[in-house]
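Coordinate analysis (summary)
Given next are the chains, with one letter for each unit.
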Amino acid sequence: VYAPNNNYTVRFIAKDFEGNYKVCSTIKIVKGNTLGLPDVYSEIYPYTEYTKDGKSYEYVSGWYKNNTDKYNDYAVATITEDTDFYVHYEEVEPTKYTITILNDDGSTIETFEVEENNSFNYSTIPTSKVNPSGKEFMEWIDETGTSWNAPISIDSVTQDKTFTARYKDKAIVSEENQRYHHKN
């Protein structure tokens, strides 16, 4: 006696931390029945984000039935065949911060865009092109008033930063001082 199989397999699929597909759970449902889709986050946890080829992706919302038709969390789907529901991920653009290097008159020397948590190093000392006449570079001052000696080095950038050059008067050496130093 042949007994038809009236059950369909429904799988909930996410990507693991390396971006490979992983079946998170499998259920059987009677042909033609409806299924209330679970909350994606609780179903796929901890696979809410992954990194592949240097790019980061995170769970956004909803399921994709057989990787095509979108269903929101808790939606009702009629099951008429073996069905896979895939999690929807989107690429995450890294947070970027601006590092601005200013001259003491407020003019911009250079601007850099740095990804969050990356390091930043700036070893350039302002040249005579940007130094005010009769002045020499002394230090950098950030927006909080903190002094930074050259080079500027930040281990992990977590916010926009502005550094302004501070100058001091050049030491003036008279001819008499020069003669005195050369004799000794």
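Just above sits the structure.
Quick notes on the rules
- Residues numbered from 1 in each chain as written.
- Predicted model: local features only at pLDDT ≥ 70, side-chain atom pairs only at ≥ 80, totals over all residues.
- Heavy atoms only, no water.
- Buried < 20%, exposed > 50% of the residue type's maximum accessible area, 1.4 Å probe, protein only.
- Helix = DSSP H or I, 4+ residues; strand = E, 2+ residues; numbered from the N terminus.
- Pairing = 2+ DSSP bridges.
- Core = buried A, V, L, I, M, F, W, Y, C linked by side-chain atoms within 4.5 Å.
- Contact = heavy atoms within 4.5 Å.

1. Some words on the pairing of strand β9 (residues 96–102)
Burial runs high along β9: five of the seven residues are buried. By the bridge criterion, seven bridges tie β9 to strand β10 (residues 108–115) in an arrangement that is antiparallel. Looking at β10, one finds that I101 is bridged to E110. Between β9 and β10, which pair antiparallel in sequence order, lie five residues; one of them, G106, sits at a positive phi of approximately 90 degrees. Sheet topology places β9 next to strand β15 (residues 161–169); four bridges connect them, and they run parallel. Bridged to I99 within β15 is K161.

2. What about the sheet that holds β10?
Pairing is mixed in the open sheet, where five strands are placed in the order β10-β9-β15-β12-β13. The outermost strands of the open sheet, each flanked by one partner alone, are β10 and β13 (147–148). Of the pairings in the sheet, the one linking strand β12 (residues 135–142) to β13 comprises two bridges and is antiparallel in character. Across the sheet, W140 pairs through a bridge with W148, a residue of β13.

3. Here's the deal with the nonpolar core
W63 and F85 are the most contacted members of the largest nonpolar core, which totals 20 residues. Only β1 (7–15), α1 (40–44), β5 (55–65) and β8 (83–92) provide two or more residues apiece to this core. Of all hydrophobic cores here, the second largest spans 14 residues; its members include Y97, Y122, F137 and Y167.

4. Describing the side chain of D84
Mapped onto the fold, D84 is located in strand β8. When near neighbours in sequence (up to four residues on either side) are disregarded, D84 contacts R11, I13, Y64, K65, N66 and N67.

5. Looking at the environment of P151
When you line up the elements, P151 lands in the loop between β13 and β14 (152–154). Those residues in contact with P151 that lie beyond four places of it in its chain are Y122 and S123.

6. Regarding the pairing of β15
Regular strands have side chains that alternate between both faces of the sheet. Across seven bridges, β12 lies against β15 in antiparallel orientation. Each bridged residue has a counterpart across the sheet, and for D142 the counterpart in β15 is F163.

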